[in-house]
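A structural walkthrough
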Number of protein chains: 2
Amino acid sequence: MRIGILGTGVVGQMLAGALASNGHEAVMGSRDPASALGATEANRMTGRTLAAWHEEHPAVRIATFAEAAGHGEVVLNATSGAGSLPALEAAGSDHLDAKTLIDVANPLVFSPDGVSLSVVNTDSLAEQIQRAHPEVHVVKALNTLTAPLMVDPGALAGGDHTLPIAGNDDGAKAQVTVWLQEWFGWRDVLDLGDLTAARGMEAYLLLWLPLRQALDSGRFNIKVVR
Amino acid sequence: MRIGILGTGVVGQMLAGALASNGHEAVMGSRDPASALGATEANRMTGRTLAAWHEEHPAVRIATFAEAAGHGEVVLNATSGAGSLPALEAAGSDHLDAKTLIDVANPLVFSPDGVSLSVVNTDSLAEQIQRAHPEVHVVKALNTLTAPLMVDPGALAGGDHTLPIAGNDDGAKAQVTVWLQEWFGWRDVLDLGDLTAARGMEAYLLLWLPLRQALDSGRFNIKVVR
């Protein structure tokens, strides 16, 4: 299927690469595609440039936010938390309305004092996005784990762990649940209810970060044992 | 051993009852023990009064915060979030200093708009407690799950799930880890580092609440799969 991915960082690369490998038509959106592809500084997490990544994934087209959103039957928000609302504004309501937007972003703020969230507790980035784009079916998903496990849950404990999702539209959530299974093999997708549950899914990053520190690896996830 | 438990609500009752059943000398602390034992309104979660509970657990003494703290070789904070700092103030530094305090409380605020946290993101209740009582070894633990599972993890999936802890004193954390195993049978106690990690353990409540709603039960916990 045609999938638009907003963001060309490590999360966008992981998602686009996996989707293209599975035969989907993935288009990645960037604020400035030419500049992103021309950047000579390597990504800190992947150790290489976007251009080097793209050479290995030529099937993925790198375009503007508007082109990626217009291309997608579904759109994935893989931008940074601070970049999400501007990216969606640039994508444009014409290209987003009535579509499902899978919001993978986290509102992380990095400072010398440590990492915190720019919105938390009584609101969330996902709700901010939903308010800015009321005709979009926002489904929060995949924000609770490291990018390599988003697209390959079976690589950890045979996939025996949990992916929470939240959103206001039950039909969109049911469809996303099927896609997550088909695209990546997610078996335990747990619907937490309406989009206010995204507050918990984003606040979980405050637990994810010390877990990552304690385990000295991002290669973990939670299983909701019940 | 001698254990002081601050708070006579459902969490305090669960902890004190289980510890007394295991042969420990448990004293529960209350702001006003006579009033708490004289209350005729049933606890909303247990459906019974403290006096009725106490009839079944006569080995547990119900005393003041100061008496409970003075009694304990270790002290457990099982008060409400809003009640924690006043309870510890009433308990008194003389009865707390140089002891380990296991902080089980969560800074929950209940309002018509829903449940939120009174402190979150760049601070935590546990850190507030530590700052107010710098000579106490605060260890955050047991705040991430429902009271019946705190004291009986084996009742869920044979105990195959995770209990995060955090604190600034490595010796206190090592001791608490042994106690949690001996008292209740916890097998996967995961040290998340210094007390700033309590921000994540408390913020996790924002995820715990919709999980509880989605599962229609508090009988669940997370396993950190790694």
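Each chain carries its own residue numbering, running from 1 in the direction its sequence is written. Chain letters start at A and ligand numbers start at 1, both assigned in the order the entries are written. Only residues with pLDDT of at least 70 get local features here, since the model is predicted, and only at 80 or more are side-chain atom pairs given and counted; chain-wide, interface and lining totals rely on the full set of residues. Hydrogens and water are ignored here; the side-chain numbers use all heavy atoms of the structure.

A look at the nonpolar core
All names here are of chain B. Heads up, the rule is: In these notes, a set of buried Ala, Val, Leu, Ile, Met, Phe, Trp, Tyr and Cys residues joined through side-chain atoms within 4.5 Å is what counts as a nonpolar core. Each residue gets one of three labels from its accessible area relative to the maximum for its type: buried under 20%, exposed over 50%, partly exposed in between, using a 1.4 Å probe on protein chains only. Secondary structure follows DSSP: runs of H or I at least 4 residues long count as helices, runs of E at least 2 residues long count as strands, and numbering of each begins at the N terminus. By definition, residues are in contact when any of their heavy atoms lie within 4.5 Å.
Counting 39 residues, the largest nonpolar core has Leu142, Leu180 and Phe184 as its most contacted members. Among the elements of the structure, strand S1 (2-6), helix H1 (10-21), strand S2 (25-30), helix H3 (50-56), strand S4 (74-77), helix H8 (147-150), strand S9 (162-167) and helix H9 (170-184) are those that each provide at least two residues to this core. In terms of residue count, the dominant contributor to this core is H9 (6 residues). Sequence-distant contacts of Leu180, that is, excluding residues within four places in its chain, are made with Ala141, Leu142, Leu163, Ile165, Gly185, Trp186 and Val189.

Here we look at the confidence of the model for chain A
Formally: Values of pLDDT, ranging from 0 to 100, describe the predictor's confidence in every residue of the model.
Model confidence for chain A is summarised by a mean pLDDT of 97, while 100% of its residues fall at 70 or above. Confidence estimates for the predicted assembly give a pTM of 0.98 and an ipTM of 0.97.

Considerations on unusual backbone geometry
The phi dihedral of Ala157 of chain A is positive, around 50°, even though this residue is not glycine. With respect to the helices and strands, Ala157 of chain A occurs in the loop between helix H8 (147-150) and strand S9 (162-167). Here Leu142 of chain B, not a glycine, exhibits a phi torsion of approximately 75°, which is positive. Position of Leu142 of chain B relative to the elements: it lies in the loop between strand S8 (137-140) and H8. On the accessibility criterion, Leu142 of chain B (0% relative accessible area) is buried.

Re the interface of chain A and chain B
Using the following cut-off: By convention, the term buried area covers the 1.4 Å-probe accessible surface removed from two parts as they join, with the contributions of both added. Any Lys or Arg side-chain nitrogen located within 4 Å of an Asp or Glu carboxyl oxygen qualifies as a salt bridge. A 3.5 Å cut-off defines polar contacts: any pair of N or O atoms within that distance qualifies, except that in protein one atom must be a possible hydrogen donor and the other a possible acceptor, and neighbouring residues in sequence count only when both atoms are side-chain atoms. The nonpolar class holds Ala, Val, Leu, Ile, Met, Phe, Trp, Tyr, Cys and Pro. Asp, Glu, Lys and Arg form the charged class, and all remaining residues, Gly among them, are polar. Pairs of strands are assigned from DSSP output, requiring at least two bridges between the strands.
At the interface, 32 residues of chain A touch 32 residues of chain B. When the two sides are added together, the surface that chain A and chain B hide from each other amounts to roughly 2,500 Å², 76% of it contributed by carbon and sulfur. Of all residues in chain A, Asn121, Leu207 and Val225 of chain A give up the largest surface area on contact with chain B, accounting jointly for 24% of the area buried on that side. Across the chain A-chain B interface, the total number found is 0 salt bridges. Our count for the contact surface shared by chain A and chain B stands at 5 residue pairs in polar contact (both at pLDDT 80 or more). For the side of chain A that touches chain B, the elements supplying multiple residues, two or more each, are strand S7 (114-117), strand S10 (188-191), helix H10 (198-203), helix H11 (205-215) and strand S11 (221-225) of chain A. The biggest single contributor to the side of chain A that touches chain B is H11 of chain A, with 6 residues. Here the side of chain A that touches chain B is built from residues that sort into 20 nonpolar, 6 polar and 6 charged. Sheet analysis places S11 of chain A next to strand S11 (residues 221-225) of chain B, joined by 5 bridges and oriented antiparallel.

Quick look at the sheet that holds strand S3 (residues 61-64) of chain A
Residues and elements named next belong to chain A. Our working rule: Helix axes are fitted to C-alpha atoms over the stretch in contact, other axes to C-alpha atoms as well, and angles between N-to-C directions run from 0 to 180 degrees.
Strand order in the open sheet formed by 8 strands is S3-S2-S1-S4-S5-S8-S9-S10, and the pairing between neighbours is mixed. Looking at the sheet topology across the chains shown, the edges are occupied by S3 and S10. Adjacent strand axes in the sheet meet at a mean angle of 25° when their direction is disregarded. Alignment of strand S1 (residues 2-6) against strand S2 (residues 25-30), held across 5 bridges, turns out to be parallel. Following the sheet pairing, Ile5 is matched in S2 by Met28.

Digging into the pairing of S2 of chain B
Here is the rule: Think of it like this: strands point away, you trace from the first strand over the helix to the second, and a clockwise trace means the crossover is right-handed.
Most of S2 of chain B sits inside the fold, with 5 of its 6 residues counted as buried. Assessed by its sense of winding, the connection that carries the chain from S1 of chain B through H1 of chain B to S2 of chain B is right-handed.

Focus: the sheet that holds S2 of chain B
All names here are of chain B. In spatial order, the strands read S3-S2-S1-S4-S5-S8-S9-S10; together these 8 strands make up an open sheet with mixed pairing. For this open sheet the edge positions go to strand S3 (61-64) and strand S10 (188-191), each flanked by a neighbour on one side alone. Pairs of neighbouring strands in the sheet enclose a mean axial angle of 25°, with direction left out of account. Of the pairings in the sheet, the one linking strand S5 (residues 100-103) to S8 comprises 4 bridges and is parallel in character. Each bridged residue has a counterpart across the sheet, and for Thr100 the counterpart in S8 is His137.

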